[in-house]
Amino acid sequence: MQMAKDLLLLLASEQNRGQINRDIARYCLEHFDKVLGMSITQLAAACHVSPATVTRFCRALGYDDFLHFKDECALDLRMRATDAYYGGRVFGDEEDAMTVPALENSCRDLGRDVFACLAGADLAAMRRLARDLSRAEDVLLLGMDYSSLMMLYLQKELMKRGKICRVLLSTANLRDVELGPDTLMLMLSMNGCGLDVMADAVARLAGQCGAFWVLTQDPDAVRRYPFVTSIVSAGAVRDHAFHRYAELALVDMLLACCRDLPRPGTNPLPAPQGHGIL
C-alpha cells in the first residue's frame, strides 16, 4: 500500500468514503507538517468533528489509532526528505526528453543499469536463498516504498509455487509481530535505507527468526547491522531513476532460482493479507 500522504490523497478523492472523512483528509493534506504536532483533540477541533470521528477516520485509512497515523505521517516525511524516496522519473522534466534520441538514450541507460544489477549479483547466494525459502515453514517478506510493491509481487509469485508468505510493509505493523525460530525473514533494501529507517523493529524480529536475508545493492551499508545473517548482493546502478527496474529484475532472478520450489502438502499460515503502510 501507499505511504501516508498517498492514502490521504486517495481518501480525499473517493466519493464513497463520506464527506466528513474527505474533509479531514483534505485538512491533513493541506496542513501535513502541522498535524504531526497536534493532539487528537486539536485535530478534531480544527476539522469541527469529535475525537471519536478522528479515530474512525484513522481506522478508515488502515491505522490502529491516531498515534499510529501520526507515526506513519512522520515516516512519510522522513522518507520523502531522503534520496531513498524517488519518483523514478526516467524522462526528466523537459519536453525534449520525449524525443526519439532522448528516449533511445534513456532506454540504453536503463538497459545498462539493469544489466549491471544482474551481472553483479551473487548467484550462489541467490540459490541458497531460494533453497532456504523452499525449506522454511514460515516466510515473512519485508519492504518499504517501491520495494514493498516488489515484495507483494514476490508473495504472489511464490504463492503460485505453493509457498504461502506473509508481507509486512510498515514499521508500525512490526511492533505486534512475533516470529518463531523456523521463520525466514527476507527484506529488499537496495541501498540499505530500509534498514536505516526500520532498524529497531527489524532487529527485534531478526532476534526471533531463524534467518534474516537481505537483497541489496549496497552490502557495505547492510553489514553495519549485526543482526543481518545473510546477504544477496547485486551490482550497483548509477542512476536512482532506474532503481525500481533493477529491483524488479533482481526479484525475477530470485524467482527463476525458485522455479523448482516444491509444493508443500499443508501450510498452517492463513491466506496472506499483504497489508501495511509504507
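It should be emphasised that the depicted structure is a prediction, and the values quoted were computed from it without experimental measurement.

Student: Give a description of the overall build of the protein that names residues and reports values.
Tutor: Within the protein one finds 13 helices and five strands. Residues classed as buried in the protein amount to 50% of the 278 residues present. In the protein, the proportion of contacts linking residues at least 24 apart, taken out of those at least 6 apart, comes to 75%.

Student: Pulling in residues and values, what's your account of helix α7 (residues 100-119)?
Tutor: One turn of an α-helix holds 3.6 residues; hence residues three or four places apart share an orientation. Across its 20 residues, α7 extends 28 Å between first and last C-alpha, which sits within 8% of the 28 Å expected from 1.5 Å per residue. Residues of α7 that are buried: Ala102, Ser106, Asp113, Val114 and Cys117. The arc that holds every buried residue of α7, seen down its axis, measures 100 degrees, which confines them to one face. Exposed and oriented more than 90 degrees from the buried face of α7 are Val100, Pro101, Phe115 and Ala119. Where α7 is buried, its residues touch α13 (243-257).

Student: Can you explain the pattern of salt bridges? Please cite residues and give values.
Tutor: This structure, assessed with the given rule, holds seven salt bridges. Between Asp109 and Arg112 there is a salt bridge; the shortest N-O distance is 2.2 Å. Of this pair, Asp109 and Arg112 both sit in helix α7, three residues apart, which is roughly one turn of the helix. On the accessibility criterion, Asp109 (24% relative accessible area) is partly exposed. Overlapping salt bridges, with partners in common, bring together Glu157, Lys160 and Arg161 in one network.

Student: Give a description of the packing of aromatic side chains that names residues and reports values.
Tutor: For the structure on display, the rule yields five aromatic pairs. Taking 5.7 Å as the distance between ring centres and 50 degrees as the angle between the ring planes, the aromatic pair formed by Tyr63 and Phe69 counts as tilted. Given a relative accessible area of 0%, Phe69 falls into the buried group. Each ring, one from Tyr225 and one from Phe227, has its centre 5.6 Å from the other, and the planes form 45 degrees; the classification is tilted. Following the ring pairs from residue to residue traces out a cluster consisting of Phe57, Tyr63, Phe66 and Phe69. The lysine or arginine in question, Lys5, covers the ring of Phe32, its NZ or CZ lying 4.5 Å from the ring centre.

Student: Give me the sheet that holds strand β2 (residues 166-168): which residues, what numbers.
Tutor: With parallel pairing, the five strands of this open sheet are ordered in space as β2-β1-β3-β4-β5. Strands with a single pairing partner mark the edges of an open sheet, and in this sheet they are β2 and β5 (230-233). Strand-to-strand twist of the sheet, defined as the mean angle between neighbouring strand axes without regard to direction, takes the value 20 degrees. In this sheet, strand β3 (residues 183-188) lies alongside strand β1 (residues 138-142) in parallel orientation, the contact comprising five bridges. Following the sheet pairing, Leu141 is matched in β3 by Leu186.

Cut-offs used in this document
- Residues numbered from 1 in each chain as written.
- Predicted model: local features only at pLDDT ≥ 70, side-chain atom pairs only at ≥ 80, totals over all residues.
- Heavy atoms only, no water.
- Helix = DSSP H or I, 4+ residues; strand = E, 2+ residues; numbered from the N terminus.
- Buried < 20%, exposed > 50% of the residue type's maximum accessible area, 1.4 Å probe, protein only.
- Contact = heavy atoms within 4.5 Å.
- Expected span 1.5 Å × (residues − 1).
- Arc of directions from axis to C-beta.
- Salt bridge = Lys/Arg side-chain N within 4 Å of Asp/Glu carboxyl O.
- Phe/Tyr/Trp six-rings, centres within 6.5 Å; stacked < 30°, edge-to-face > 60°.
- Lys NZ or Arg CZ within 6 Å of the ring centre and 35° of its normal.
- Pairing = 2+ DSSP bridges.
- Axes fitted to C-alpha atoms, helices over the stretch in contact; angles between N-to-C directions.

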